[in-house]
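Residue-level listing of the chains:
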Amino acid sequence: MANTEHEKPRPKKQRRSGELRENDAAAAERRRRIDAERRQLPAWAARDKLLALLQQHRTLVLVGETGSGKTTQIPQFLLAAKFGKSSGSKGAVPDDGADEGAAAGPGPGSARTAATAPAAGGHRAYGGGQCIAVTQPRRVAAMTVARRVAEEMGTKIGQQVGYAIRFEDVTSPATRIKYMTDGLLLREALVDPLLSRYRVVVIDEAHERTVHTDVLLGLIKGVQARRGDDFRLVVMSATLDAARFVDYFPGAVAALVRGRQFPVQVLYTARPEDNYLDAAINATLQVHGEEPEGDVLVFLTGQDEIDSAERLLKDRLSSLPAAARMAGVVGAAAELPGEEAAEGGGGGVEGGGGGPAAAEAAAAVGGRPRELLVLPIYAALPPEQQMKVFEPAPPGTRKAILATNIAETSITIPGVRYVIDTGHVKARDYNAKLGLESLAVVPVSQAQARQRSGRAGREGPGKAYRLYTEADFSQLAATTPPEITRCNLASVVLQLKAMGIDDVLGFDFMDPPPRTAILRSLELLFALGALDNSGKLTEEVGLRLSRLPVDPMFGRVLLAAAELGCGVEALAVVAMVSADNVFHTPRQKEAEWRAARLKFLSREGDHLTLLNVFRGFMELPKESHKARTGWCSDNFINIRALRKAEDIYTQLVRFMGHPCPPGLGLPLATCGDETTPLRRALTAGLFPHAARLQPDGSYRVIATGRQVFLHPSSVLLERKPDCLVFNELMHTTRTYARDATAIEARWLPELAPAFFAAKASAATAGVSAAGAAR
DNA sequence: GGGTTAGGGT
């Protein structure tokens, strides 16, 4: 994430007595200003109403539009109303429901709780839970919002208000409001299935429907049934889909808090565009030529597309005479959306939104910039290049930001007044029947289009140009299907099993995933030895895998590595594959990055190549930021991805090596430069993804018989070993196997006997055999 | 012979 890189630790305040009064005066003034700002927020006006609703209902669904202040204010209201309080003091809601859960007898999860909760003896006393948890889908949001709220409350971060994200826990026993990622709360639920330390859980940005949010919603529904009246749930969503949540939670009530978004004028094209990339470039040039100042944000689908759009735009700009660049001349070839429809007017505050006329009036202030700065932004872009989009455009210039959907929710770019929406997005999908992920450009949903348009109205009235017709818009899906219905569920199913939820197929999901996806995951977990014949979690493998914060197949690699004496290497490899792609491969510099990669290349495969990169990075002086960034940029390595791999590595080392429990207490030996133990460990976890070479140069997945191709990024592309294991299948133009390592076929029946045993001879002969063993 | 949207984890 772009912002993360620039989070600086706050400078320690040196308070000498002479400065004290001045500082205090400044601080008091600051508090006064913050307080005044708070009172202006729409959420403030709704305070009493919301608290009253929450006295009477166990679930409050709060639709808070952008700018309502819900994320910062609601938790403070809850705290002030004693929903989060120091132990002992009586809250606004009586505590006498505290024993209901226990009285209701053991529900799902109690058996596992007894086995894993720190305090042995079954139920922990959740009556003591007095904290307010507020979940966010993203780490940066959890961090920054917590800091803001701590400031508003005049406390130090980590005291009354804190946050917890992976690798970082800034909370203390005094913490009453805890901002955290949804994934982290899910992890906590693993050892504390009743969420006993929380009096209230607030699920923010619920409309995003991340996998973690959806699983949490399901778990909390069960928690509510068992904890009774001492527990409250607040679901906060930015869109008007409250009914879905209200229907799902018994007795839930909904409330709406208006936002403070400026009006955005939405324009559609009169006719469908046959090339949205060309259309986007034309539209950008025309906005630049005709509209008053304000930056342009263009939504495209991926890195390649952004790179070529950048080139095309720059070419068009440089071919224009300097005088024409600033005038409307460039619009000749463009046909900007003509039909208009005001949208989001309801989101406007004072005076009910303004509409197109107000937009024109406000936007007309200031002159038309001369120069257009073209800036790309996507997650894989090196941090220093990412930062450029946050710098204000110099006087007389305008920024055109070419973005992926990173700019939809993850980052907010100041200065944007114009949005160009191509109406497309690259989206991941999962075909459970084939065990296949795919990545394809698809039309956006209406909700997504609205989210994009809204980005034009953060700082003033704006305009959104949709490069499709209004009729096309009306045909779009209302919302994007929740991620849980289109992803691999191995981890989710394992977590549920670990929480004692044995009937995963019967779990009360808000939107149930396809049955085949759950069945697939159960089969995989069984093959890995995480589940026994009756579908119960096994102590030896399943329980351990559920504790490891990595994909179950990689977790299995780690357990095998501990036995095979290559724990250190396997941890590094698993950390690397768990992080994002570390290789930066700009198309224009192909020769350079290929040359740079040579020094890490292992002829045994991609996993060992990644190990070499990791080792190279770890050899650098850790304290020298300069050495590290220099090394990364010289080698076309994404430093953000590598730092993350390093964090994961550290976390895994601590966890694997730490005595059990809470760690796994496994030995971490090194195999040095010997690769066989590591490749065998990889085989022991990735065997469902073993494939044999075919005469035509393609591969056949042994477990399924499916034909796949080695991904062009693989170091094995030329060598084409007879047998390999790979991380994942991805369907783009063809079905590709990514991240592969050469193995010996005879290891398969040896390392995964239950999977390959019966058909061992057939498997080694390259015949698709083990499919039946599933 | 050819290519990786965005998030997230005790």
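Just above sits the structure.
Residues numbered from 1 in each chain as written. Chains lettered and ligands numbered in written order. Predicted model: local features only at pLDDT ≥ 70, side-chain atom pairs only at ≥ 80, totals over all residues. Heavy atoms only, no water.

(A) Local environment of the overall build of chain A. Each helix and strand counted, chain A has 31 helices and 22 strands in total. Sorting the 774 residues of chain A into buried and exposed places 54% on the buried side. Relative to all contacts within chain A whose residues are 6 or more apart in sequence, the contacts with residues 24 or more apart total 75%. When the accessible surface of chain A is split by element, carbon and sulfur atoms take 53% of a total near 33,200 Å². (Helix = DSSP H or I, 4+ residues; strand = E, 2+ residues; numbered from the N terminus. Buried < 20%, exposed > 50% of the residue type's maximum accessible area, 1.4 Å probe, protein only. Contact = heavy atoms within 4.5 Å. Areas by Shrake-Rupley, 256 points an atom, 1.4 Å probe, with all protein chains shown as cover.)

(B) Examining the protein's contact with DNA strand B more closely. Looking at DNA strand B, there are 44 residues lining it, with Arg187, Lys426, Arg547, Gln651 and Leu717 nearest. Each atom of DNA strand B within 4 Å of the protein was classed as base or backbone; sugar and phosphate made up 57%. A distance of 3.3 Å is found between a base nitrogen of DNA strand B and a backbone nitrogen or oxygen belonging to Pro549. Contact distances for DNA strand B include 2.8 Å between a phosphate oxygen and a side-chain N or O atom of Thr732. Counting residues per element, the ones that place at least two in the surface near DNA strand B are helix 8 (182-191), strand 15 (424-431), helix 24 (590-598), helix 27 (639-657) and strand 22 (735-742). In terms of residues, the surface near DNA strand B owes the most to one element, helix 8, which gives four residues. In terms of residue class, the surface near DNA strand B is built from 16 nonpolar, 15 polar and 13 charged. (Near = heavy atom within 4 Å. Polar contact = N/O pair within 3.5 Å; in protein donor to acceptor, adjacent residues only side chain to side chain. Nonpolar A, V, L, I, M, F, W, Y, C, P; charged D, E, K, R; others polar.)

(C) The arrangement of the pattern of salt bridges in detail. Enumeration over the complete set of coordinates arrives at 36 salt bridges. Arg148 is the partner of Glu152 in a salt bridge, and the nearest nitrogen-oxygen pair spans 3.0 Å. A residue pair is termed a helical-turn pair when its members lie 3 or 4 positions apart in one helix, as Glu152 and Arg148 do in helix 7 (residues 139-153) at four residues. By relative accessible area, which is 28% here, Arg148 ends up partly exposed. With a closest N to O distance of 3.7 Å, Glu540 and Arg544 form a salt bridge. Residue Glu540 and its partner Arg544 are both found in helix 21 (residues 539-547); the two are separated by four residues, about one turn of the helix. Accessibility expressed as a relative area gives 54% for Glu540, which makes it exposed. (Salt bridge = Lys/Arg side-chain N within 4 Å of Asp/Glu carboxyl O.)

(D) Spatial organisation of the pairing of strand 6 (residues 198-203). Across the six residues of strand 6, six count as buried, placing the element largely inside the fold. Here strand 2 (residues 131-136) runs beside strand 6; their pairing, made up of five bridges, is parallel. Paired with Cys131 across the two strands is Tyr198, which belongs to strand 6. Sheet topology note: the strand 6/strand 7 (residues 232-237) ladder contains four bridges and is parallel. The residue bridging Val202 from the neighbouring strand is Val234, located in strand 7. (Pairing = 2+ DSSP bridges.)

(E) The sheet that holds strand 4 (residues 168-170), seen in detail. The strand order 4-3-5-2-6-7-1-8 describes an open sheet built from eight strands, whose pairing is mixed. Sheet topology places strand 4 and strand 8 (253-257) at the edges, where each strand pairs with a single neighbour. Along the sheet, successive strands turn relative to each other by an average axial angle of 20°, direction set aside. Where strand 1 (residues 59-64) meets strand 8, five bridges bridge the pair, whose relative direction is parallel. If you follow Leu60 over to strand 8, its bridge partner there is Val253. Across the sheet, helix 4 (residues 70-80) lies against strand 1, strand 2, strand 5 (177-181), strand 6 and strand 7, angled at about 140° from strand 5, the strand it touches most. (Axes fitted to C-alpha atoms, helices over the stretch in contact; angles between N-to-C directions.)

Everything listed is a geometric property; what it means functionally is a separate question.
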